[in-house]
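# Architecture and fold: a report
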Protein chains: 2
Amino acid sequence: MKKTDSPTMKDVAREAGVALGTVSKVINNIPVGESYRQRVEDAIEKLGYHVNSYARGLKTNKTNCVALLMPSLRHPFFAILTDELTACLMKHGYRSLLMITNYDPEAEKKCLILGQQNKVDGVIALTYSPNLDVDGTIPLVTIDRHFGSSIPCVSSDNFRGGEMAAEKLVELGCGKLLFMRIGPRILGEADKRSAGFEAACRRLHTDYEQIILNDEDTEAPFYTFLSEHIHGGKLDFDGIFCNTDSLACRVIAFLAEHGVRVPQDVQIIGYDGLADYATGRYPCSTIVQPIPRMAEEAVKLLLDADNIPNPVNICLPVRYAWGGTTLEESAVQSIQKS
Amino acid sequence: MKKTDSPTMKDVAREAGVALGTVSKVINNIPVGESYRQRVEDAIEKLGYHVNSYARGLKTNKTNCVALLMPSLRHPFFAILTDELTACLMKHGYRSLLMITNYDPEAEKKCLILGQQNKVDGVIALTYSPNLDVDGTIPLVTIDRHFGSSIPCVSSDNFRGGEMAAEKLVELGCGKLLFMRIGPRILGEADKRSAGFEAACRRLHTDYEQIILNDEDTEAPFYTFLSEHIHGGKLDFDGIFCNTDSLACRVIAFLAEHGVRVPQDVQIIGYDGLADYATGRYPCSTIVQPIPRMAEEAVKLLLDADNIPNPVNICLPVRYAWGGTTLEESAVQSIQKS
């Protein structure tokens, strides 16, 4: 790849009629006399000079670049999170170095080292590797996974989300609930969804069962379980909480194929709140994660690291949204009235 | 943000008992005696020294970093393309600097300049700005948009895709076709979908109408048009080609609300081929863009820029995929037989 010559700092100094050091001060925001600053800025504009951020990175020990470690952009949760993180970083004058790990623990480790090699100013990571080497040489903020007291973590309020799902199903008339979970073997913040769901079921004296799988498993046991609980077109459960919208969509498709009606026979709530990109509709009733706020808080934690005395865990509020797979509240009210 | 001291090249030279220049040669892959190389590599491993890629970028005039300019990651086409581009670049030892422009022409211009400021080795861009300043100071490959003979461009074979949609609808028994398009005001490669569709309709002597809108418009005229063409629950058209899957999904939802059955009353084909992340199913019958190959070709064009005598346009083959909104070919055959 070829490059043509661009103006250098020396050209700017010559054009402005000032010393090279003065140009450097202006570029690095070090105070100089106002008339000098003006002359340098005019020369920069006239020559179309672009600051060489790499030279700058070496000098001030800042690169204005943050590495984002993501498992994949094929899942809209990660894609939208990356979109929001990048927008947020740009607002603060930082660029995103994007690293895709494909859920591979080895790739996660390599990417963390690559981050350090590139002398990024920090890393925001969503990882699954069981033994990641987070040695504190580089500022790190994690999403949805708590590495212990030295690393700040941002997540949605998974526990409250689980409670909310159980409470909503009970409020909408369900009496026999099922929780379905498939996810990484390593327990992360997201597993508090199950704890919250259980806590609410116990508090509300509501019957519930759970069926839990790991990502390495196939989902076949889910469908065997559901098949065994369908009798004459009716499911033994009248409310299901799935740990993701994605799982909820597959369960809904399976039930439709087996003649079980959603939401008339069984109501279903997912978790994530990812509206369809084409229609803007939720694919199912869901607990919505506040992705823009999660991105904002992660960036704030990373950039303000020096000003935050102790690494914190930020747990952001979630909300329930109707998406067609639960009864509408007005419908329930009219049933209760009649 | 704080950083602890990491070992320097000097520390490596001391540990290995060699000159600083020897360490530099090993790091930059310049031949040295094998025993020297071994000693330097051992010292690098022992000290946990990480190459400072920024210093390296200055020395060899390479940053091993490529800027990706994308409108948004909220649309799965851009998200999956970014995922594939990043994977491809990593395979070649390059990192992705991600820039999100939010479809804003001003942001697109700024991002191109930022790319130059960061001295990236090249830019892969998907842009809409009418007057982008692509001055050749930095290697550039565009996706879906042709900037003239000096900039290589990668796209799917949009013309053939349009033809394919018309041919398939006719083959499946449609006789009165409609083409619906909403997209940027600036015509890009994607507008060849319409040209291909028209060409095939003329060749096959098939009636067709077109309704064309720009992104700045609302889609209301589409729905007014469709409403005016519904008589007694029947649409005046029996086949529709939409320029994106996204539009096709909205049209399908509108027709469902108005009692028009898809595919029994009207068959619909979209363009993009974005399978649903949860179920893996196509949201509609569609012309599939080969996103992994588009990414691969864009990276190859960028990295091999010096070896390609003239900038080329790469136009990659598409295919039709059934997604529930057209009749299945077996169904059509049995109708024709009976």
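All values reported here derive from a predicted model rather than from experimental measurement. (Residues numbered from 1 in each chain as written. Chains lettered and ligands numbered in written order. Predicted model: local features only at pLDDT ≥ 70, side-chain atom pairs only at ≥ 80, totals over all residues. Heavy atoms only, no water.)

Right, let's get into the sheet that holds strand S10 (residues 239-242) of chain A. All names here are of chain A. Judged by pairing direction, the sheet is mixed, and its 6 strands sit side by side in the order S7-S6-S10-S11-S12-S14 without closing on themselves. Of all the strands in the sheet, the pair left with one neighbour each is strand S7 (207-214) and strand S14 (319-321). Averaged over all pairs of adjacent strands, the angle between strand axes in this sheet comes to 20 degrees, irrespective of strand direction. With 4 bridges joining them, strand S11 (residues 267-272) and strand S12 (residues 285-288) adopt parallel strand pairing. The residue of S12 that forms the bridge with isoleucine 269 is serine 285. (Pairing = 2+ DSSP bridges. Helix = DSSP H or I, 4+ residues; strand = E, 2+ residues; numbered from the N terminus. Axes fitted to C-alpha atoms, helices over the stretch in contact; angles between N-to-C directions.)

Now for the side chain of Asp272(B). Residue and element names in this part refer to chain B. Within the secondary structure, aspartate 272 is located in strand S11 (residues 267-272). With no salt bridge to any partner, buried aspartate 272 finds its closest opposite charge in arginine 193, at an N-O distance of 4.3 Å. Only 2.8 Å separates the side chain of aspartate 272 from the side chain of glutamine 289, close enough to count as a polar contact. Setting aside residues up to four positions removed in sequence, aspartate 272 forms contacts with His75, Phe77, Arg193, Thr244, Asp245, Thr286, Ile287, Val288 and Gln289. (Buried < 20%, exposed > 50% of the residue type's maximum accessible area, 1.4 Å probe, protein only. Lys, Arg positive; Asp, Glu negative; His and termini not counted. Salt bridge = Lys/Arg side-chain N within 4 Å of Asp/Glu carboxyl O. Polar contact = N/O pair within 3.5 Å; in protein donor to acceptor, adjacent residues only side chain to side chain. Contact = heavy atoms within 4.5 Å.)

Turning our attention to the pattern of salt bridges. Counted according to the given criterion, the structure contains 39 salt bridges over all chains. The partner of Glu216(A) in a salt bridge is Arg185(A), and the shortest N-O contact between them spans 2.6 Å. Of this pair, Glu216(A) sits in the loop between S7 and helix H9 (220-228) while Arg185(A) sits in the loop between strand S6 (176-183) and helix H8 (192-203), and the two are 31 residues apart along the sequence. Its relative accessible area of 52% is what places Glu216(A) among the exposed residues. Accessibility expressed as a relative area gives 53% for Arg185(A), which makes it exposed. A salt bridge links Lys234(B) to Asp265(B); the shortest N-O distance between them is 3.1 Å. With Lys234(B) in strand S9 (residues 234-235) and Asp265(B) in the loop between helix H10 (245-257) and S11, this residue pair connects regions lying 31 residues apart in the sequence. By relative accessible area, Lys234(B) is classed as partly exposed at 44%.

Let us now look at the side chain of Ser96(A). Locating Ser96(A) in the fold gives a position in strand S2 (residues 95-100). In this structure Ser96(A) comes out as buried when scored by relative accessible area, which is 1%. Engagement of the side chain of Ser96(A) in a polar contact is seen with the side chain of Thr86(A), the distance being 3.2 Å. Those residues within four positions of Ser96(A) in sequence are excluded, and the remaining contacts are Val66(A), Leu68(A), Thr86(A), Leu89(A), Ser96(B), Leu97(B) and Leu98(B).

Glancing now at the packing of helix H1 (residues 9-16) of chain B against helix H3 (residues 34-47) of chain B. The description of two packed helices rests on the angle between their axes and on the distance between the axes. Residues and elements named next belong to chain B. Relative to each other, H1 and H3 sit at 120 degrees, their axes nearing to 9 Å. With respect to each other, H1 and H3 are oriented oblique. Considering only the axes of H1 and H3, their crossing is right-handed. Contacts from Asp11, Val12, Glu15 and Ala16 in H1 reach Arg39, Val40, Ala43, Ile44, Lys46 and Leu47 in H3. Here the contact of H1 with H3 is built from residues that sort into 6 nonpolar, no polar and 4 charged. (Parallel < 35°, antiparallel > 145°, perpendicular 65-115°, else oblique. Left-handed = near helix turned anticlockwise from the far one by under 90°. Nonpolar A, V, L, I, M, F, W, Y, C, P; charged D, E, K, R; others polar.)

Another aspect to go through is the nonpolar core. In this structure, Leu81(A), Leu85(A), Ile124(A), Leu81(B), Leu85(B) and Ile124(B) are the most contacted members of the largest nonpolar core, which totals 60 residues. Sequence-distant contacts of Leu85(A), defined by excluding residues within four places in its chain, comprise Leu68(A), Met70(A), Ile124(A), Ile143(A), Ala295(A), Ala298(A) and Val299(A). The next biggest cluster of nonpolar side chains, apart from the first, holds 30 residues, and it includes Leu140(A), Cys65(B), Ala67(B) and Met99(B). (Core = buried A, V, L, I, M, F, W, Y, C linked by side-chain atoms within 4.5 Å.)

Moving on: helix H5 (residues 76-91) of chain B. Its 16 residues give H5(B) an end-to-end C-alpha distance of 22 Å, which sits within 8% of 22 Å, the value for a rise of 1.5 Å per residue. Burial of H5(B) is extensive: 13 of the 16 residues sit out of reach of the surface. (Expected span 1.5 Å × (residues − 1).)

Residues and elements named next belong to chain B. Inspection of the secondary structure puts threonine 127 in the loop between strand S3 (122-125) and strand S4 (140-143). Exposure remark for threonine 127: the relative accessible area of 3% places this residue in the buried category. Separated by 111 residues in sequence, threonine 127 and aspartate 238 place their C-alpha atoms 35 Å apart. Not counting residues within four places of it along the chain, the set of residues in contact with threonine 127 comprises Leu69, Glu108, Leu132, Arg145 and Phe147.

Tallied over the full model, the rule gives 20 aromatic pairs over all chains. Plain terms: the ring middles of Phe222(A) and Tyr223(A) are 6.4 Å apart, the flat faces sit at 85 degrees to each other, and that makes the pair edge-to-face. The exposure class assigned to Phe222(A) is buried, which follows from its relative accessible area of 0%. Both rings, one in Phe77(B) and one in Phe78(B), keep their centres 5.8 Å apart while their planes meet at 70 degrees; by these two values the pair is edge-to-face. For Phe78(B), a relative accessible area of 6% puts it in the buried group. Through a chain of ring-to-ring contacts, the aromatic side chains of Phe77(A), Phe78(A), Tyr103(A) and Tyr128(A) assemble into a single cluster. For the cation-ring pair, Arg193(A) lies above Tyr271(A), with the distance from its terminal atom to the ring centre recorded as 3.7 Å. (Phe/Tyr/Trp six-rings, centres within 6.5 Å; stacked < 30°, edge-to-face > 60°. Lys NZ or Arg CZ within 6 Å of the ring centre and 35° of its normal.)

Let us look at a negative patch on the surface. Residue and element names in this part refer to chain A. On the surface, a cluster of negative charge is contributed by Glu34, Glu41, Asp42 and Glu45. Locating aspartate 42 in the fold gives a position in helix H3 (residues 34-47). Owing to a relative accessible area of 43%, aspartate 42 belongs among the partly exposed residues under this scheme. (Patch = residues over 30% accessible without salt bridge, like charges linked within 9 Å, V, L, I, M, F, W, Y side chains within 5 Å. Areas by Shrake-Rupley, 256 points an atom, 1.4 Å probe, with all protein chains shown as cover. Charge placed at Lys NZ, Arg CZ, Asp CG, Glu CD.)

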